[in-house]
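Residue-level structure breakdown
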Amino acid sequence: NTYTLRPYAVKEFAKRWYIIGYCLEREALRVYGLDRIMQLVISDRTFRMPAKFDVDELFATSFGIYLPAGPGQAIVFRTPPTGARFLRDRPIHSSQKEIEGKERTKILDKYGWRDADDVVFSIFVCPNKNLVMEFCKYAGRLEVLSPANVRKSVGDQLRAGAFHYENGISE
């Protein structure tokens, strides 16, 4: 496909570079992987950058390179202390916060983990496929507690993966 793009910003995620811009043919803001562009022609056409465009603000409630598809929401997850050390050093998202004290106890009570040493975190994002894959990366070392739709998506992906290892993938 050939597209005419008004380039607004360049962004890196997971060691890949992307260009964010307004696509004239699609009449919308789009994100394209630079490594997937086969041919690039720089035209002499000019445009005015939107005055209030802020790439950091645009992706503030996004995980990865997906444009937010709705409002952000709080996602709460728990991990053992060893996993917590890693997540403190390498947060899943810039909004990540550790939940402590009575709020932590209340959350752990709700999910039956009253005596656990587990650490509870929250992030505020618009859930997407990249986020589900990120949570799956931690497999048995992290549990999404809420919201239910994100918990279900992560559980479904992990069960599908386990099924392949238990039953083999037929070709």
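Going by the structure above, here's the rest.
An account of the accompanying structure is given in this report. (Residues numbered from 1 in each chain as written. Predicted model: local features only at pLDDT ≥ 70, side-chain atom pairs only at ≥ 80, totals over all residues. Heavy atoms only, no water.)

1. Looking at the sheet that holds strand β6 (residues 119-125)
Read from one edge of the open sheet, four strands run β5-β6-β4-β7, paired in antiparallel fashion. The open sheet terminates on both sides in strands that have one partner only, identified here as β5 (97-99) and β7 (143-146). Neighbouring strand axes in the sheet, compared pairwise and without regard to direction, differ in orientation by 35 degrees on average. The pairing of β5 with β6 spans three bridges and is antiparallel. By the bridge assignment for β6, E98 is matched with F121. The sheet contacts of helix α5 (residues 148-167) involve β4 (73-79) and β7, and relative to β7 the element is tilted by about 155 degrees. (Pairing = 2+ DSSP bridges. Helix = DSSP H or I, 4+ residues; strand = E, 2+ residues; numbered from the N terminus. Axes fitted to C-alpha atoms, helices over the stretch in contact; angles between N-to-C directions. Contact = heavy atoms within 4.5 Å.)

2. So, the packing of aromatic side chains
Overall, the coordinates contain seven aromatic pairs when judged by the stated rule. A ring pair is formed by F77 and F121, whose centres lie 5.8 Å apart and whose planes are at 25 degrees; its orientation type is stacked. Of this pair, F77 sits in strand β4 while F121 sits in strand β6, and the two are 44 residues apart along the sequence. With respect to burial, F77 and F121 carry one shared label: buried. Ring pairs connect the aromatic residues Y8, F47 and F53, which therefore count as one cluster. For the cation-ring pair, K11 lies above F59, with the distance from its terminal atom to the ring centre recorded as 4.9 Å. (Phe/Tyr/Trp six-rings, centres within 6.5 Å; stacked < 30°, edge-to-face > 60°. Buried < 20%, exposed > 50% of the residue type's maximum accessible area, 1.4 Å probe, protein only. Lys NZ or Arg CZ within 6 Å of the ring centre and 35° of its normal.)

3. Some details on the state of the cysteines
By the definition in use, this model includes zero disulfides. Summary of cysteine pairing: C126 is not part of a disulfide, and the nearest cysteine sulfur, belonging to C136, is at 17 Å. A relative accessible area of 8% places C126 in the buried class. (Disulfide = S-S within 2.5 Å.)

4. Here's the deal with the environment of R88
Checked against the element boundaries, R88 lands in helix α2 (residues 81-89). Separated by ten residues in sequence, R88 and E98 have C-alpha atoms that sit 8.5 Å apart. Setting aside its immediate chain neighbours within four residues, R88 contacts Q96, E98, V119 and F121. A distance of 2.8 Å separates a polar atom in the side chain of R88 from a polar atom in the side chain of E98. (Polar contact = N/O pair within 3.5 Å; in protein donor to acceptor, adjacent residues only side chain to side chain.)

5. Thoughts on the pattern of salt bridges
Here the idea is simple: oppositely charged side chains can pair when their charged atoms come close. Taken as a whole, this structure holds eight salt bridges when the rule is applied. Linking D35 and R16 is a salt bridge whose minimum nitrogen-to-oxygen distance equals 2.8 Å. Separated by 19 residues along the polypeptide, D35 in the loop between β3 (28-33) and α1 (55-58) and R16 in strand β2 (residues 16-23) bring together distant segments of the chain. Relative accessible area serves as the criterion here: at 54%, D35 is assigned to the exposed category. (Salt bridge = Lys/Arg side-chain N within 4 Å of Asp/Glu carboxyl O.)

Geometric descriptors of this kind do not, in isolation, establish any biological role.
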